[in-house]
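Here are the chains, one letter per residue:
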Amino acid sequence: MNGNVPLAQAGTDELVLPARVQEALGQLVGAAKEGLLALSVGVGLGVLAELMEEEVDEVVGPKGKHDPGRAAVRHGHAAGEVTLGGRRVAVERPRVRSADGRSELPLETYAHFADRDLLSRSVLERMLAGVSTRRYRRTQEPVGSQVEQAARSTSRSAVSRTFVERTRRSLGELMSRRLDDVRLAVMMIDGLELQGRTNVVALGITTEGVKIPLGLWEGSTENATVATALLSDLVERGLDPEQGILFVIDGAKALRRAIRNVFDDAPVQRCLRHKERNVTEHLPERERPAVKQRLRKAWALEDHARALDQLRRLAGELDRNYPGAAGSLREGMEETLTLTRLGVTGSLRRTLESTNPCESMIEIVRRTQRNVKRWSSGEMALRWTAAGMLEAERQFRKIIGYRDLATLVVAIERDHDRRRRSVDAAHTPSKEAAIVAAM
């Protein structure tokens, strides 16, 4: 076949492009000069127009053929907008009304591409990646000058409104997550400082080693009301307080009391890094390396009684010259050895002996917030933190040592049963006491 034969005159096995598409292709010459992406955008918009017209044909019937039984009729065209590359672009959309003229029927094709969620997701991702509102337009892909001139929703104020809306949704999503079917092995709680404001964040680790952001609250871990509200909210969202959970915390007394109130006698592991820092801050610089070495040596022992004895001995030696360090070490001393008491060893022990997994999430949150110069409200801090936590979740991997989590759960349940028997025995009178009481 001669290569110069027009497409319309080609063999019957070749298709003729619709006139609308041919017209659109004729308008793409200018776009092609601006680059491949701009050309692709032009083609895409042309195809979108054809898809909408095809849907109209499916709903109404072929144009020019009268159908007395049709349920809808064409109703001209109207201005519309679709989301394209982080911007809103004007398009002409066909309209369809019911045959009785009472209502307009939506087109699924247009509704899909007009969805603003694509725009808000693009804004969220770029803002969390560190793009400021004034530089947002510079980060967009080149889509051609004609499309760019007609684009909307890229101004500083528009981007800011979109981001607020999306982060508010992220906050609602995080704080409404149901936890009925979540089987946790570990919960870590820590505080995030935000230029004078503090958010308390909770991270769960399932029995399979999967990390899950559980929630966040405005306030400090030293605030008993905040700590209790934090844990009570998790229970209200379906978390079973009877399941064996190990809590890893920084040592805040208010948080410790809240755990006891809401989760009864759940085991608590004090973060060794926090405890080490608290103790050594009471010491002069020359004394810190030696004390730090002794602390770590005791915490590394697998014999619980021996480790506890070494810590008590160190506290006794510190009493005379550094009573502040001794008092800090004694406070919650046994809870620095909870993992040792439960028989947890190896890589899982190294993972859970500190709040590092939670702090890794917090570090990602901080990175997403690095361009924020001023926190205008607590709600703003909560929105940004929630969005950062969900962003961190996308990067999560299973914790190191997750294969031993089943052993940890069994150890927690065994420890729980032992403590309950001990409490029951303490409240059960002896035979001699019963006889005396009966006399």
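Look a little higher up for the structure.
The sections below set out a description of the structure shown in this document. (Residues numbered from 1 in each chain as written. Predicted model: local features only at pLDDT ≥ 70, side-chain atom pairs only at ≥ 80, totals over all residues. Heavy atoms only, no water.)

A few points about the overall build of the protein
Helices and strands together make up the secondary structure of the protein, namely 19 helices and 8 strands. Going through the 439 residues of the protein one by one, you find that 46% of them count as buried. Restricting the contact set of the protein to residue pairs at least 6 apart, pairs at least 24 apart contribute 64%. When the accessible area of the protein is evaluated, it comes to approximately 24,000 Å², of which 50% is carbon and sulfur surface. (Helix = DSSP H or I, 4+ residues; strand = E, 2+ residues; numbered from the N terminus. Buried < 20%, exposed > 50% of the residue type's maximum accessible area, 1.4 Å probe, protein only. Contact = heavy atoms within 4.5 Å. Areas by Shrake-Rupley, 256 points an atom, 1.4 Å probe, with all protein chains shown as cover.)

Some details on the nonpolar core
By size, the foremost hydrophobic cluster in this structure holds 40 residues, and its most contacted members are Val-186, Leu-216, Leu-246, Leu-352, Met-361, Leu-405 and Leu-408. Looking at which element gives the most residues to this core, the answer is helix α17 (residues 378-393), with 8 residues. In contact with Leu-352, not counting residues within four places along its chain, are Val-186, Met-188, Ile-205, Leu-246, Val-248, Gln-269, Leu-339, Ile-399 and Leu-408. Counting 26 residues, the second largest nonpolar core, distinct from the first, contains Leu-184, Met-187, Leu-231 and Ala-266. (Core = buried A, V, L, I, M, F, W, Y, C linked by side-chain atoms within 4.5 Å.)

A closer look at the pattern of salt bridges
Under the criterion given, the structure shown has 24 salt bridges. In this structure, Asp-415 and Arg-341 form a salt bridge, with 2.6 Å as the shortest nitrogen-oxygen distance. Taken together, the residues span a long stretch of sequence, with Asp-415 in helix α18 (residues 405-427) and Arg-341 in helix α14 (residues 338-342) at a distance of 74 residues. Here Arg-341 falls in the partly exposed class, since its relative accessible area comes to 28%. Each of Arg-256, Arg-270, Lys-275, Glu-331 and Glu-335 takes part in one network of salt bridges that share partners. (Salt bridge = Lys/Arg side-chain N within 4 Å of Asp/Glu carboxyl O.)

Brief notes about the packing of helix α16 (residues 356-368) against α17
Packed helices, taken two at a time, are described by their axes: the angle between them and the distance between them. For the pair α16 and α17, the least separation of the axes is 8 Å and the interaxial angle reads 120 degrees. As judged from the angle between their axes, α16 and α17 are oblique. Judged by the twist between their axes, the crossing of α16 over α17 is right-handed. Counted together, Met-361, Ile-364, Val-365 and Thr-368 of α16 and Trp-384, Thr-385, Gly-388, Met-389, Glu-391 and Ala-392 of α17 form the full contact between these two elements. (Axes fitted to C-alpha atoms, helices over the stretch in contact; angles between N-to-C directions. Parallel < 35°, antiparallel > 145°, perpendicular 65-115°, else oblique. Left-handed = near helix turned anticlockwise from the far one by under 90°.)

Description of the packing of aromatic side chains
Taken as a whole, this structure holds 2 aromatic pairs when the rule is applied. For the pair Phe-247 and Phe-263, a centre-to-centre distance of 5.0 Å together with 65 degrees between the ring planes defines the contact as edge-to-face. Of this pair, Phe-247 sits in strand β7 (residues 246-249) while Phe-263 sits in helix α9 (residues 253-263), and the two are 16 residues apart along the sequence. Residue Phe-263 is classed as buried on the basis of its relative accessible area of 3%. The interplanar angle of 85 degrees and the centroid separation of 6.3 Å between the aromatic rings of Trp-375 and Trp-384 together place this pair among those described as edge-to-face. A residue is classified by how much of its surface remains accessible, and Trp-384, at 8% relative accessible area, is buried. (Phe/Tyr/Trp six-rings, centres within 6.5 Å; stacked < 30°, edge-to-face > 60°.)

Quick notes on the sheet that holds strand β4 (residues 184-194)
Strands belonging to one sheet form pairs held by backbone hydrogen bonds; the direction of such a pair is parallel or antiparallel. An order of β6-β5-β4-β7-β8 is seen for the 5 strands of this open sheet, with the pairing classed as mixed. Two strands bound the open sheet, and with one partner strand each, they are β6 (211-218) and β8 (268-270). On average, each strand axis in the sheet is tilted by 20 degrees relative to the strand beside it, whichever way the strands run. Relative to β7, β4 runs parallel, the two sharing 3 bridges. Bridging across to β7, Met-188 finds its partner in Val-248. (Pairing = 2+ DSSP bridges.)

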